[in-house]
Structure formats: C-alpha cells, structure tokens
Amino acid sequence: MSEDSRGSLGARVRRLLRLDVAGEVDDKLSFHLEMRESELKERGMDAAAARDAALARFGEMQGVRAECLTIARRRDRRERRVERLADLGQDVRYGARRLLRSPGFSLVAVLTLSLGIGAATALFSAADQLLLRPLPLREPDRLATLQLSGMGGSFFTGFSESQVADVRAMTEVVEGVAATATHTFSLLEGGRSELVAGRFVSPGYFELLGVRPVVGRFFGVASGSGDAPAGQVEAVVSHRLWRRQLGSDPLVLGRTIRLNGNLFTIVGVAPADFATSRVGEEPAEIWVTTAAVPLFQRDRDASFEEVAMYWPVVRLRAGISAEEAGERLGTLVAQWKESAMPHIPVETVLARPLDPVSWSHRERVSDFVSLLALATGLLLLVAAINVAGMLLARASSRGREIGIRLAIGAGRGRVVRQLVVEGLLLFGLAAVAGTLIAVWLLELVARVPWPVAVQLAPALNPRVLAFALGVAMATGFAFSLVPALQSSGVDIQAALRERAGQGGGKPRRGRGAVVVVQVALSVLLLTCAALFGRSLQVAWSIDPGFDPDGVLVANLDLAAHGYEPPAQADYFARLSEAVRGMPGVESVALASKAPFTSAGSMALALDLPLGGAADPRRPPFVSFELVSADYFRTLRIPLLAGREFTGADAVPEARAAIVNRALAERYWPGEDPLGKRLDGGPVPMEVVGVVETVRTRTLRSETEDLARLYLPVGSRPAHALTLHVRAPEGRTRVLQDVRSLARGLDPRLPTLELIPLNRLIGLTLLPQRIGAWLVGGFGAFGLLLAMLGLYGLLYYSVVQRTREIGIRMALGGRPAQLLRQVLGTGTRLAVAGALIGVATAAAAARLIESLLFGVPGTDPLAYAAVVLLLGVVAVLASLLPARRAVRVDPAAALRSD
Amino acid sequence: MAETNSDILRGALDLLILRALSWGPAHGYGVARWIEFATADVLRVGEGTLYPALHRLEERRWVAAEWGVSENRRRAKFYSLTAQGRAQLQAEAASWTRYARAVFAALEAPALPA
C-alpha cells in the first residue's frame, strides 16, 4: 500500500479519535528538532550537545506547542462545522428531491399531518388564551373575590355597600376593596339602542387591579361629595365597545351616551385585553361607579343601601393568603348578622383567588379542554403513526438503494440521518400547513354561538407558532427515526439481490405493529364518541316533565329600556293579549325565566319546619319562579291539585302560591298541600295549586334541587320576563307576526326574536354534542387512516409474495384457502388493535364520566357499535388485497424474475 | 540587543515566512533555514515562534499545508503559498518598505528649524 492510502486510513482512524490535531503538531515540531540535530551533528557536535543546542535554538517548547495546538484545534473545529453543514444541506436537497418525485405520497402525508398539527395548534392557542395567559393585572396573585356563604357552602350571596365599607376598614387584611356588580344596560348612542353588559364598580376599581387606561382616565378615587357625587355620571368603555360603536374615535372623551335613559359622559377607555380576561362571564363593555346605582334602581322598592348586590374584589396585604383573609374577614359576619341580615343564613366570608377562569365555570371548562386536548393529542398521534407507516413502506421499497449506499461506505448513521431529514422536511411542511389550518379552525370556533361567553382571537402569537413547530419537529423526529432505523438495518447482501418478488421481513413486522396501534387509537376515539352519542340519546329521552315541542320563547328586559314597573305590567299585558289572539297560537304565558337558562333564578327563605325525611342541613331556601296565568297549560305541566293563577293573583302582595310535588313532599309528606301556609315573603302565602315536578335547570338529576315554588307575575318585582308561546304549527308565521306586533307596541325596543325551546335545551347538551361530533370525527379519520394502512400492508405483502402465491396455486392450492389466509392476517391485526383499544377506552372512560349522562363508562351498546364498525371496515380493507391474491396468474408469477 | 532585534523580527515574521515560501513549498525547518540564510543569521529568534505563525497563516488561508516526504525520507508537512498569500506578500512587502524608508529618512533628517 502506498504511503498515501495507509496514511489516509490511519488518518481516518485518528480523526475518529480526535488525536489527529495533536499528533500533527507534535510531528512537525519533532521533525524540526531532528533536522536541526542532524545538521549540528554533521557540523561535528556530539549527539547530546546537538540536541541541547537544537532545543536552545528552538525556544520555549511548551508555549509554542500549546499555541500551535490552540490554533490548530480552532481551525479543525471550524472545518468540521462547515463539513457537517454541507452534509446537512446535501441531505435536505436529496430529501426534497425524493419527496418531489413522489408527489402523491408527499401530498397525502403532509395533509394528514397538517390536520393533526393544525388541530393541536388550534387547541393550544385556545387553551393559551383561556387558561394560560396571565391576567394583565398588577400582581394578580394578590387579588381575590369575596362572597358571603353559608349552610355548608350551598348558599351564596353578595355584599351590600355598607358591608363593603366594613371590609375596606379591615386594613390589616386588605390593601383595598372594590365592589362590583353586573348589570345589563341599554345603551343609546347615535340613535341606536343596544343592550350591553356592564358593571357597577367602586371608583378605585381599575387602580386596585392595576390597569391603565388606553385613552383618558378612570374614575379617580375621590368621587366627590354632596348630593350629586362628581363621578356619578362618568362612564368608562371597553376597548371593544370603543372600536365597534364609537369607531375608535380619538376624541371619545367627553362624548355623551345614554344608559337606560340616563346621560353619561365617557371619561376613558379600558385596555384591549381587559374586558375579555374572564371566561364564563359576559365581558363587560361599560363601567360606571356605584354612585350611579340609584339612577337604575327604579323597580326595587327596598332601599338599595341594604341590597346585597356587590361581589367585591380585594387586594390582599402581602403575605396573606385568600383563605386566611376569608377567616379574618369572617369576624365581621357576626356584626352583620345582628344588624343587617337576621334572616339570612350567612356564616362565613369566602375569599377565592382571582383566576382567569370564572369560578362557576372552572370545572366545566377545564374538563372539557382536557378532553379536547386528549382527543387532539390522539389524533396527532394517529396521523403521525400513519405517516411513519408510510415512511416505513417507502423505505422498505428503497431497500436496494439503501443497500448500495451502505455497501459503498456510507455509515449507517449517515443513512439514518438522511431518512430522518426527509421525514423532518415532511413534518416541517406539515407544520406550516397545520398553522394555516389552525388559524382557520380558530376563526370557525369564534363564529359558533357558544352559550358561555368565550373570546377567542385567531391570533398567532410567537408562543403558539413555537408550539406548532416544536410539536412538528418532536413528532417528526420520533416518527421518522424508527422507520429510518428499521430500514437501515437491512442486510446488505439481501438488499442488493432484492427483486420485485421478494421483500424484507423486518419492515413488514414493523408495519403490522403500526396498523395495530392505529386501530387501537381509532377504537379509543370512536368509543368515546359512541359514549357521547349514547349520552345524547339518553339525554334526549329524559322526560323533562313538560312538553317543549312547539314552544317558543323570548326574553324581554323592559327595565333596561327605561320602563317603570307599572308600564312594564301594562306592556306585558297588552303583548300577551295580542299574541294570544294570533292564529296558530295555542296559549301564551310569561315567566321570570325560561327553562334551562340560568338568568333570572331567584330564591327565598321559607320559614317552615322541615317535615319528613328532609335533610336538616339543607337551607330552608327554595327556588321560586314568577309565572303568569296559563303557564302550566302552555308548557303542559300537569296540574295535580288546585288551580292555576288567574289575573286576580297578578297584584303585588298577592297571597297565592303554587308548589310542585317535590316541595310538597319535602315539607308536608303525606298531607294535602292545598291551603297550607307559607311564611318567608313580605306577606304570608297560601298554597292554591300543586303541579308535577319538572326539570328546568339541567337534565342531570344529581345536581338539581327539584323543589320549586311558583308565585304570580306581578306579585314581586322582576324587570325581565320571558314570553312563552305555544304554537304547534305555522311557526314561521307566528315568529313574523309576533315580531311586527312587538314593534308596533314600542318601536324603541330591540326586535323580539322568539326561539324554539328545544334549541335552548340543545344548548345545554353542547359539550356532549361537540364531544360526539368532534371526537367521532377524529376517530373516523383515525379509522380511515388505520384501514388505509391495513389495506396497504396486506396489498404490499401480497405483491411481495406473488411468486410464492403462484407456486402455491400451481401446486393445487385453492383460492378459498388463499382468501382465508389474507383475510385472516387482516382480521388478526384488527382484533389485536381492537382489544387494546377497548381496554384503553374502558380505562379512559372514567375520565369523561363527568360529561356522560346516565351512561356508564362501560356501556355495552357503545362498545358493541364500535367493534361492529371496525369489523366491517377491516373485512372490507382485507378483501381487496385478498382478491388480488386470488387473481394471481401462476404462470406469470413463476415467470417473473 | 538580541532581544530588540527579535522584537522587530517578530513583527516581520509573517512577511519573512511568506517570502520564504514564495520560492516554493517548504517544510517548517526549511523556512527556518532560509530565514537564517537570508538575514545572514542576524535575526535569530526562537525558532519555535515560527510554528504558531505558520499555523496562523494557514488559518487565514495565506498558506496551504500538505503532507509530503522530506529530503531524508521522512514524512513532513509542506507549506506553500496560496494566491491570496502571494497578494498578501506583495502588500505587506510594499508597506514594510515604505515604513523602513520613512524610518531611514527620519534618522538622516536634521532637527526642526527653530
């Protein structure tokens, strides 16, 4: 061997061991010394003297060596880097060329993946906005909300203004307090009237939270004194309102608007992300101070000083936790009970930290989002696995090429790296496409009329983009690595000799595993969807106790539009009368709330001995509703005894009351409720009728207290009533007629839109509906991919074994046998996947049990349906390749070589 | 005295190396010998300093290195001038000459007129 080749082999080894650099330097320096030595020896010096002289001439050896090493190493590192980049560039170019050469594969793979990545990214963006984004407030962890609570936590109420002042005085516990109360205002601006959600707040509210105005100012702490407090007619608008209604007018300060007829001046605009920071509450669009409350309290006869309408927000002193604050503030309760709230069972002050998700909706939203996250994750997994399977298939068909590359000296690492880069390219493209899909999905979500107020911007912030890319690269790496490792483990000899009729066994086993996993995941998703479907089925079959079909409802908030109570009563009376007379209308009624809505719920304390097996821990509180005459007839709630309300009952201080069966059984078990006396309101009431118990809150029995009291409309103040119209036929006509009628009565009011009661009921089942459709969609998609994978695998194996099949047929094998064999393989894989999937689903079902209605997580019908579907689809997927196998022409197969 | 000379020499070391290599490829020892010869051994310096200089010149791609066989059948690294190195040599030689002439002129010049 020549010097060079030996040198190059040694150099390669040395390079591998990184000894090259040091060795070279040493070589050079020792060469120099030797040359000098021999020269000096030639001149006559002896060996030892020559060596010393050479060293002396040379100078300081160690220093020189060190310096040379540093420089050499630096250069070496730089060269390596350049080389690696060049390699990478080559891999990328090669990978891109290969992908472009099989556009079908690439397109399908990218689409599949981008769906998965897109869904995951959309979900992350939503979760980020709803749950993860910190509130744009100053030190939000020191903020808390307060409630008065009693009866072991089952009773809540707000604070009155004087109680808020008492809390404010507890300066060792709180740094500041701001009272808040929700109110819907009728906003009149520029000739247009609109209902907006708003808040009454203490003047220092915004400062307490640490928010700065975008334009103008906030209320300022000193709200003046005297008869008309200075801040009384000031209003702050939300950013959204400013943009939408006021056209982002930079001169908005000083503009006047009318709220429920009262004139207000706009003094400031809140920042853009402030109103939207809490889920579950209508985002507030307008804020006015508590000093303005008297202007809106027309229909309350109680002195508003004592009305417990405020839900305070407090900033705790540093170091005090919410719990501790609640305890210490609890000492005020004793005082209050004596003076202001003798009859109200308040025991403690409950302080809860302010968090982005409104406390009443927290569990529901979190559960739901977790479920979605899981389903999306599974979808992504299915998609990624599918693409991994495709990559595997492709790689195994490139066995020859890989074999050649390995044979001519490309390291296995290099081949694996190239395959992984190719996979990453795919995933990278899918990340880009997925991001676009995510944006589109978010737009779609924002358009859905959710019952819960949700603000979702289809915004792509850097965090979300990073997430998309991160997910894509991580899954891409994982799912290209395995196929790459698998296919590069090819036996070189075999690969080089490979012909069309033979194939490697290892890739096939891998693909089989891929199919099983996909089937398992799809079964998991489909089973969950089926469970939701069953829930829906059960839910719809639950008899709420009344007949919602044909009933239309509409809510009217007259007080917000400036109607005084007498005018309200008059309007409602005229409206009901007129609608009753319309063709197609069977009956009409009014009520304080529509079934399955939460607005307008009221309760009062009954001073009654609890009879029978009533739970002594239960508060003596009973929900009540105001209903007009004909209410029960309109909703077809059976009247068990006594009578309905009449017009004579619709007066303040009316004594008539109707109870339902649940209430009667709780208070007077075994007795006749008619004529019984009820104490607890301003006047004692008498039971004049008994109706059947109905469900009007949720369809789930465990959470609802079904005892209900009905009082006549007009006996108590209620500013908003819901019109119920039973119109079994000709709904469209009735809708139009009612609309124009209402407009005729008062054109200033917003248009009266009736909606079918069934639609309201449907809204409460929204999570289950979404669950069924979304998860079902994911599952169906996953199943499709799994079946494609199965089909591909079987087809491929048939093609690979054409020769073998040909021989079998030639030797007398029967087509039926062949069919059975192929089908057998297919069904074996499907069954394996199904078993795993069913087992996982049974375990996972526990997680979603909170969202299921009366259907256990192991509902046999749901599982059976999914297994059946899988069976049918798997057989179909296996049939086609089986047919191909059967049609193999033995002669042709044997001849192909 | 020798130290002062070495200082000056160190400054011109790169230039000398480039010049040495402009006659053709040579290994490190060869370059040392040429410098010895060309400067009549006046500018004697720790020969060790040659090697870091050579490495630096290689890093800047003014010289290129290659393994070869030396006169006494030993393996040695031969350095040669690259095209950029040649250009650098011309530039540096010109500026050094200018500098030297200026110093010369200064040494010969009289005092400033009063």
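The following paragraphs examine the structure supplied in this document. (Residues numbered from 1 in each chain as written. Chains lettered and ligands numbered in written order. Predicted model: local features only at pLDDT ≥ 70, side-chain atom pairs only at ≥ 80, totals over all residues. Heavy atoms only, no water.)

## Quick word on the overall build of chain B
Thinking step 1. Of the regular secondary structure elements, chain B holds 4 helices and 3 strands.
Thinking step 2. Counting all 114 residues of chain B, 39% fall into the buried class.
Thinking step 3. Excluding contacts between residues fewer than 6 apart, the proportion of contacts in chain B whose partners are at least 24 apart in sequence is 50%.
Thinking step 4. Here chain B has roughly 6900 Å² of accessible surface; of this, 59% comes from carbon and sulfur atoms. (Helix = DSSP H or I, 4+ residues; strand = E, 2+ residues; numbered from the N terminus. Buried < 20%, exposed > 50% of the residue type's maximum accessible area, 1.4 Å probe, protein only. Contact = heavy atoms within 4.5 Å. Areas by Shrake-Rupley, 256 points an atom, 1.4 Å probe, with all protein chains shown as cover.)

## What about the interface of chain A and chain B?
Thinking step 1. Contact residues are listed per partner, giving 23 residues for chain A and 28 residues for chain B.
Thinking step 2. Approximately 2500 Å² of surface area, both sides summed, lies buried where chain A meets chain B, with 52% of it carried by carbon and sulfur atoms.
Thinking step 3. Taken together, chain A and chain B are joined by 9 salt bridges.
Thinking step 4. Across the pair E59 of chain B and R78 of chain A runs a salt bridge, and its minimum N-O distance is 3.2 Å.
Thinking step 5. Taken together, the links from chain A to chain B amount to 11 residue pairs in polar contact (both at pLDDT 80 or more).
Thinking step 6. For the side of chain A that touches chain B, the secondary-structure elements that each account for two or more residues are α2 (20–42), α3 (47–58) and α4 (61–101) of chain A.
Thinking step 7. Classifying every residue of the side of chain A that touches chain B by side-chain character gives 9 nonpolar, 2 polar and 12 charged. (Buried area = accessible area lost by both parts, 1.4 Å probe. Salt bridge = Lys/Arg side-chain N within 4 Å of Asp/Glu carboxyl O. Polar contact = N/O pair within 3.5 Å; in protein donor to acceptor, adjacent residues only side chain to side chain. Nonpolar A, V, L, I, M, F, W, Y, C, P; charged D, E, K, R; others polar.)

## Side note on the sheet that holds strand β1 (residues 26–27) of chain B
Thinking step 1. Spatial ordering of the open sheet is given by β1-β3-β2 (chain B), a layout of 3 strands whose pairing is antiparallel. The sheet is open, and its two borders are formed by β1 and β2 (63–69) of chain B, each paired with just one other strand.
Thinking step 2. In this structure, β2 of chain B lies alongside strand β3 (residues 75–81) of chain B, joined through 7 bridges in antiparallel fashion. Paired with V63 of chain B across the two strands is L81 of chain B, which belongs to β3 of chain B.
Thinking step 3. Where α2 of chain A meets the sheet, its contacts fall on β1, β2 and β3 of chain B, and the angle it forms with β3 of chain B comes to roughly 95°. (Pairing = 2+ DSSP bridges. Axes fitted to C-alpha atoms, helices over the stretch in contact; angles between N-to-C directions.)

## Examining the environment of V346 of chain A
Thinking step 1. With respect to the helices, strands and loops of the structure, V346 of chain A is situated in the loop between α10 (331–339) and β12 (348–353).
Thinking step 2. The spacing of V346 of chain A and S149 of chain A is 197 residues in sequence and 5.4 Å in space, taken between C-alpha atoms.

## A short note on the environment of G837 of chain A
Residues and elements named next belong to chain A.
Thinking step 1. Within the fold, G837 resides in helix α24 (residues 815–848).
Thinking step 2. Each C-alpha atom of the pair G837 and Q518 lies 9.2 Å from the other, and the pair is 319 residues apart in sequence.
Thinking step 3. Not counting residues up to four positions away in its chain, the partners in contact with G837 are A520, V523 and L524.

## Focus on the packing of aromatic side chains
Thinking step 1. Inspection of every chain in the model, using the stated rule, returns 12 aromatic pairs over all chains.
Thinking step 2. Centroid distance F206 of chain A to W287 of chain A: 5.3 Å. Interplanar angle 80°. Geometry classified as edge-to-face. Of the two residues, F206 of chain A is situated in helix α7 (residues 205–209) and W287 of chain A in strand β10 (residues 286–289); the sequence distance between them amounts to 81 residues. Here the two residues F206 of chain A and W287 of chain A agree in accessibility, since each one is buried.
Thinking step 3. Geometrically, the ring pair formed by F632 of chain A and Y710 of chain A is edge-to-face, given 4.9 Å between the ring centres and 85° between the ring planes. Of this pair, F632 of chain A sits in helix α18 (residues 631–635) while Y710 of chain A sits in strand β21 (residues 708–712); the two residues are 78 residues apart in sequence, bridging distant segments of the chain. A single burial state applies to F632 of chain A and to Y710 of chain A, both of which are buried.
Thinking step 4. One aromatic cluster is present, built from ring pairs that chain together Y205, F206, F218, F219 and W287 of chain A.
Thinking step 5. Its guanidinium or amino end placed over the ring of W67 of chain B, R75 of chain B lies 3.8 Å from that ring's centre, counting from NZ or CZ. (Phe/Tyr/Trp six-rings, centres within 6.5 Å; stacked < 30°, edge-to-face > 60°. Lys NZ or Arg CZ within 6 Å of the ring centre and 35° of its normal.)

## Observations regarding the pattern of salt bridges
Thinking step 1. Applying the stated criterion to the full structure yields 36 salt bridges over all chains.
Thinking step 2. Of the charged contacts, one joins E58 of chain B and R75 of chain A as a salt bridge, the two residues approaching to 3.1 Å between their closest N and O atoms. Placement of the pair is E58 of chain B in helix α3 (residues 50–59) and R75 of chain A in helix α4, with the two residues belonging to separate chains. Each member of the pair, E58 of chain B together with R75 of chain A, is buried.
Thinking step 3. For D570 of chain A, the salt bridge is made with R574 of chain A, and the minimal N-O distance between the two is 3.5 Å. Here R574 of chain A and D570 of chain A lie together in helix α17 (residues 565–580), a separation of 4 residues that amounts to about one turn.
Thinking step 4. For D570 of chain A, a relative accessible area of 41% corresponds to the partly exposed category.
Thinking step 5. Residue classification places R574 of chain A among the partly exposed residues on the basis of a relative accessible area of 41%.
Thinking step 6. The structure contains a network of salt bridges with shared partners spanning R36, E39 and R43 of chain A together with R33 and E36 of chain B.

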